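Descriptive structure summary
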Amino acid sequence: MKTIEPESGQIITIERHILEEQRHHPEATGVLTQLLYDIALAGKVIASKTSRAGLAEILGRTEEINIQGEVVQKLDRFAHLTMYRLNDHTGRLAVMASEENEDVLPIPSEYPAGKYVLLFDPLDGSSNIDFNIPVGTIFSVYLRLSEFGPGTLQDCLQPGRSLVAAGYILYGSSTMLVYTTGEGVHGFTLDPSVGEFLLSHPYLKIPDKPAYFSVNLGYRKYWSEGVRRYSDYLQGRDGQAKALSLRYVGSLVADFHRNLLAGGVFYYPADSQDPKIPYGKLRLLYEAVPLAFLAEQAGGYASDGVHNILDIAPVNLHQRTPLFIGNRDLVECAERFIADYDAVE
Ligand code: FBP
């Protein structure tokens, strides 16, 4: 499918790009286009704070502990409310869910309920904010399953295969929005001088030759034998392969983005650190699934070490999952090590 590519000097805003994509779908109503544009607007509002975080009384913590057991950062709270408030009155959504909120986020009864469902991690990597390390907002969009009226928990517990769109906004040296609607992965850079996301990275594909591996090696002793041997393989320790270079920011969106552009694998395996969370730290619905959809659209793959992340049927809003994501051959290699050395179902 031919996507719009910027000729030299041509300005392609995210709105124009989404409209062009919509033209490939005569049945489209434009609601998804408007919803993606609302999310882009939320990204701009959040970027206006992250880019001035040190100046804006927005650094530091709130007194709150969220459903994940983490201290809520002020910017986390701001990002959560921004995503919710910019989308609760548009009539495009039946229900929302946020990594920061235990239950689903209903559409206020004074507003009409729409046909889409929005899930989001308002500020991924938030523990890095005070250190001026890139953070991100991750979003995923589904069609509602329930017929009409207020959306339900079941509308939010859909497998990744049912996604209609997913993406992230990375607040780094520049602010970028990367998204897919199942027709390739496209990157936009926010031009602060015009306040618009402009197409800068059309049709992103993960390079075949990987450069990096990204993992918190500090947790090695808590890993299974399969994962430890896989990590040795990536470092060329078992003499089988040339060592990859290690890069780990500790912000999933930033680590994923680098590997999307340069090739590589990010993994956060299950570990035995805390028996209460045996499946690793990352959330299936808010983090793993949307990035898995992007990875697959960019020629890569995402797995929990055994299953394709997009085929996992969610059972609760905040369930966690091991995640291996990036170049397909590197992720399949992880699956082989785990199959060979770990008793897996
Ligand atoms: P949240 O900030 O959304 O809770 O994300 C979790 C996260 O910060 C990821 O972005 C990152 O990959 C991971 O945790 C880092 O975890 P650790 O410090 O254990 O390596």
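The preceding data block contains the structure.
Here the residue numbers are simple positions, counted from 1 along each chain's written sequence. Given that the model is predicted, a residue must reach a pLDDT of at least 70 before its local features are reported, and side-chain atom pairs must reach 80 or more before they are shown or counted; all residues, however, enter totals for whole chains, interfaces and linings. Derived side-chain values reflect all non-hydrogen atoms in the structure, with water molecules and hydrogen atoms excluded from consideration.

If you trace the backbone, Gln273 turns up in the loop between strand E13 (264-268) and helix H7 (284-297). Judged by its relative accessible area of 36%, Gln273 falls in the partly exposed class. Here the alpha-carbon distance between Gln273 and Lys242, two residues 31 residues apart in the chain, equals 30 Å. Whether two residues are in contact is decided by their heavy atoms, any of which lying within 4.5 Å being enough. Filtering out sequence-adjacent residues up to four positions away, Gln273 remains in contact with Tyr219 and Tyr222. Polar contact is the term for a pair of N or O atoms within 3.5 Å; when the atoms are in protein, one must be able to donate a hydrogen and the other to accept it, and sequence-neighboring residues count only if both atoms are side-chain atoms. Separated by 3.1 Å, the side chains of Gln273 and Asp271 make a polar contact. We count a stretch as a helix when DSSP gives it H or I for four or more residues in a row; a strand needs E for two or more, and each element gets its number in order from the N terminus. Here's how the labels work: a residue is buried when its accessible area is under 20% of the maximum for its type, exposed when over 50%, partly exposed in between, all with a 1.4 Å probe on protein chains only.

Here we take up the side chain of Asn128. Residue placement: Asn128 occurs in the loop between strand E5 (116-124) and strand E6 (135-143). Apart from the residues within four sequence positions on either side, Asn128 is in contact with Ile133, Val249, Gly250 and Ser251.

Our focus in this paragraph is the sheet that holds strand E9 (residues 185-191). Strand order in the open sheet made by the eight strands is E4-E3-E5-E6-E7-E8-E9-E10, with mixed pairing throughout. Looking at the sheet topology across the chains shown, the edges are occupied by strand E4 (105-106) and strand E10 (196-204). Note that strand E3 (residues 93-98) and E4 share two bridges and pair antiparallel. In the sheet register, Met96 faces E4, and the bridge partner there is Leu105. Of the strands in this sheet, E3, E5, E6, strand E7 (163-171), strand E8 (175-180), E9 and E10 are in contact with helix H2 (residues 31-50), which crosses E7 at around 15°. Any two strands with at least two DSSP-identified bridges between them are counted as paired. Lines are fitted to the C-alpha atoms to define the axes, a helix being fitted only along its stretch in contact, and any angle between axes, read from their N-to-C directions, falls within 0 to 180 degrees.

Turning to empty space enclosed by the protein, a few remarks are in order. A cavity here means a set of 1 Å grid points, computed over protein atoms only, where a 1.4 Å probe fits but cannot escape. A pocket is an open set with protein on both sides within 12 Å along at least 5 of 7 lines, and lining residues have an atom within 4 Å of a point. Grid points are joined across faces, edges and corners, and a volume is the space filled by probe spheres set on the points. Applying the stated criterion to the full structure yields two cavities of 30 Å³ or more. In this structure, the largest cavity spans a volume of roughly 40 Å³. Lining the largest cavity are Val215, Asn216, Tyr219, Trp223, Tyr267, Tyr268, Pro269 and Asp271. Gly is put with the polar residues, along with every residue not named as nonpolar or charged; the nonpolar set is Ala, Val, Leu, Ile, Met, Phe, Trp, Tyr, Cys and Pro, and the charged set is Asp, Glu, Lys and Arg. Class assignment of the residues belonging to the lining of the largest cavity gives a composition of six nonpolar, one polar and one charged. Estimated volume of the second largest cavity: approximately 30 Å³. Together, Ile14, Ile18, Leu36, Ile39, Ala40, Phe139, Leu177 and Tyr179 line the second largest cavity. For the lining of the second largest cavity, the elements supplying multiple residues, two or more each, are helix H1 (14-23), H2 and E8. Among the elements that make up the lining of the second largest cavity, the one with the highest residue count is H2 (three residues). When its residues are assigned to classes, the lining of the second largest cavity shows eight nonpolar, no polar and no charged.

A separate point is helix H5 (residues 225-234). Where burial is concerned, most of H5 is hidden: seven out of the ten residues are buried. Buried within H5 are the following residues: Gly226, Val227, Tyr230, Ser231, Asp232, Tyr233 and Leu234. Two residues or fewer after H5 comes Gly236, characterised by a positive phi angle close to 70°.

One non-glycine residue, Asn132, lies in positive phi territory at about 55°. Its place among the elements puts Asn132 in the loop between E5 and E6. Of note, Tyr203 is a non-glycine position whose phi angle comes to about 45°, a positive value.

A few words on the site of the ligand. Not every one of the 17 residues close to the ligand is listed here, only the nearest: Tyr219, Tyr248, Leu252, Tyr268 and Arg283. Between an oxygen atom of the ligand and a main-chain N or O atom of Ser126, the distance comes to 3.2 Å. Each accessible area value is a Shrake-Rupley result obtained with a 1.4 Å probe; residue values ignore everything except the protein chains displayed when judging cover. Compared with its free state, where it exposes 470 Å², the ligand has 91% of that area covered by protein. Where the shell around the ligand is concerned, the elements lending two or more residues are E5 and E13. Classifying every residue of the shell around the ligand by side-chain character gives five nonpolar, five polar and seven charged. Any residue with a heavy atom lying within 4 Å of a molecule or strand is counted as near it.

This part takes up the packing of H2 against helix H3 (residues 74-85). Their axes nearest at 9 Å, the elements H2 and H3 cross at an angle of 155°. The angle between H2 and H3 places the two elements in the roughly antiparallel class. The way H2 lies across H3 gives a crossing that is right-handed. Across the interface between the two elements, Ile39, Ala42, Val45, Ile46, Lys49 and Thr50 of H2 pack against Leu75, Phe78, Ala79, Thr82 and Met83 of H3. Of the residues assigned to the contact of H2 with H3, the class counts are eight nonpolar, two polar and one charged. An angle below 35 degrees is read as roughly parallel, one above 145 as roughly antiparallel, one from 65 to 115 as roughly perpendicular, and any other as oblique. Left-handed describes a crossing whose near helix is turned anticlockwise from the far helix through less than a right angle; right-handed describes the clockwise counterpart.

In the case of a regular strand, side chains alternate between the two sheet surfaces. With five of its five residues buried, E13 lies for the most part within the structure. Of the two faces of E13, the one holding Gly264, Phe266 and Tyr268 and the one holding Val265 and Tyr267 are both buried throughout. With three bridges joining them, strand E11 (residues 212-214) and E13 adopt parallel strand pairing. Within the sheet, the bridge partner assigned to Phe213 lies in E13 and is Val265. As paired strands, E13 and strand E15 (residues 323-326) are joined by four bridges and run antiparallel to one another. Along E15, the bridge assignment pairs Val265 with Gly326.

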